[in-house]
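These are the residues of each chain, in order.
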Amino acid sequence: MWPKDALKRMVRALPGGRHLATLYRFMQGTDARYASLWRRSPPGLFQPFATTGVDRYPRMFAFARDHLGDGPDRRILSFGCSTGEEVFSLRRYFPQATIRGIDINPRNIARAQASLARRGDDRLSFAVAASAAGQGTGNHDAVFALAIFRHGELGDFPPTCSHLLRFADFEQSLAELSACLKPGGLLFLRHSNFRFQDTKLSAGFDLLLEGPRSPKTPLYGRDDALMPSTPALEGVAWRKHGP
Ligand SMILES: C[S@@+](CC[C@H](N)C(=O)[O-])C[C@H]1O[C@@H](n2cnc3c(N)ncnc32)[C@H](O)[C@@H]1O
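Residues numbered from 1 in each chain as written. Predicted model: local features only at pLDDT ≥ 70, side-chain atom pairs only at ≥ 80, totals over all residues. Heavy atoms only, no water.

**Describing the overall build of the chain**
Which entries qualify depends on this criterion: Going along the chain from the N terminus, every DSSP run of H or I of four or more residues is numbered as a helix, and every run of E of two or more is numbered as a strand. Any two residues having at least one pair of non-hydrogen atoms within 4.5 Å are treated as being in contact. For the accessible areas, the method is Shrake-Rupley and the probe is 1.4 Å, while residue cover comes only from the protein chains on display.
Across its full length, the chain holds 7 helices and 7 strands. Taking all contacts inside the chain whose residues are at least 6 apart in sequence as the whole, residues at least 24 apart take part in 76%. Taken as a whole, the chain presents about 11,800 Å² of accessible surface, with 56% of it coming from carbon and sulfur.

Below, the structure is given as structure tokens:
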């Protein structure tokens, strides 16, 4: 019998193999939410997979809390919050802050809202949105965009990513996230297929924290072309210039 990974690689190498693999996953019911979103490909979609977990980024969350402090005036945005675990985890680090999670996938948000209804917390909220454009201007202390600016179908390191992701969309989305940060606010990025320092926007930020980059995550440049090598570290926390 073929080892599962070898079989998966063979199927994905066939013409249309990626679509076959997705259809198979859908029929198995293992990630129906992903398959449904992928078929519709809504404008602005980055990572369609909803993979998430409780306290998935403890170092980053603790760094944010230590840097910003908690308080009822603190406001945090989780962009691409999936089914809400990121927001509920942040609540443990920021017991008093107002925290909002947004996600492009209505099924993820419905699940997050159902969990919230069971917990009852009027300073947490969730909404369906494909960008931060509606989240106000200069009113957030921290924005988390974790495992969103990537695509799970790029795992074979194709020479371009433009069929799935475009640097221009990444830069535009970051401009919207930056606009809703206060001066001095923190931007957290993780597991991206692009680098923040390649955007023009990054000139308005200082790098505060780096973390190890996964060698399984290919990196693409401003032209959507695969970079020849991936550095060992990635910038994960950036501070917007200001007081
Ligand atoms: C891999 S999950 C990351 C979840 C969480 N941030 C984490 O790291 O555990 C990626 C999420 O990004 C969402 N997403 C993709 N494109 C988006 C967009 N343009 N706006 C909002 N959410 C988006 C997907 O629906 C999915 O829930």
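**Some details on helix α6 (residues 106-119)**
For clarity, the cut-off: A helix is expected to span 1.5 Å for every residue after the first. Three labels apply to residues, based on accessible area from a 1.4 Å probe with only protein chains included: buried if under 20% of the type maximum, exposed if over 50%, partly exposed otherwise in between. Note that the arc is defined by the directions from the helix axis to the C-beta atoms. N or O atoms within 3.5 Å of each other form a polar contact, as long as, within protein, one can give a hydrogen and the other can take it, and as long as residues adjacent in sequence are counted only when both atoms are side-chain atoms.
When the terminal C-alpha atoms of α6 are compared, their 20 Å separation across 14 residues agrees well with the 20 Å that a helix rising 1.5 Å per residue should span. All of the buried residues in α6 are N108, I109, A112, S115 and L116. Within α6, the buried residues cover an arc of 120° as seen down the axis, which keeps them to one side. Of the residues in α6, the exposed ones pointing more than 90 degrees away from the buried face are A117 and R118. At the N-terminal end of α6, a side-chain oxygen is found 3.0 Å from the backbone nitrogen of R107, two or three residues along, and the residue is N105. Taken from the residues just after α6, G120 is the one with a positive phi, measuring 70°.

Geometric descriptors of this kind do not, in isolation, establish any biological role.
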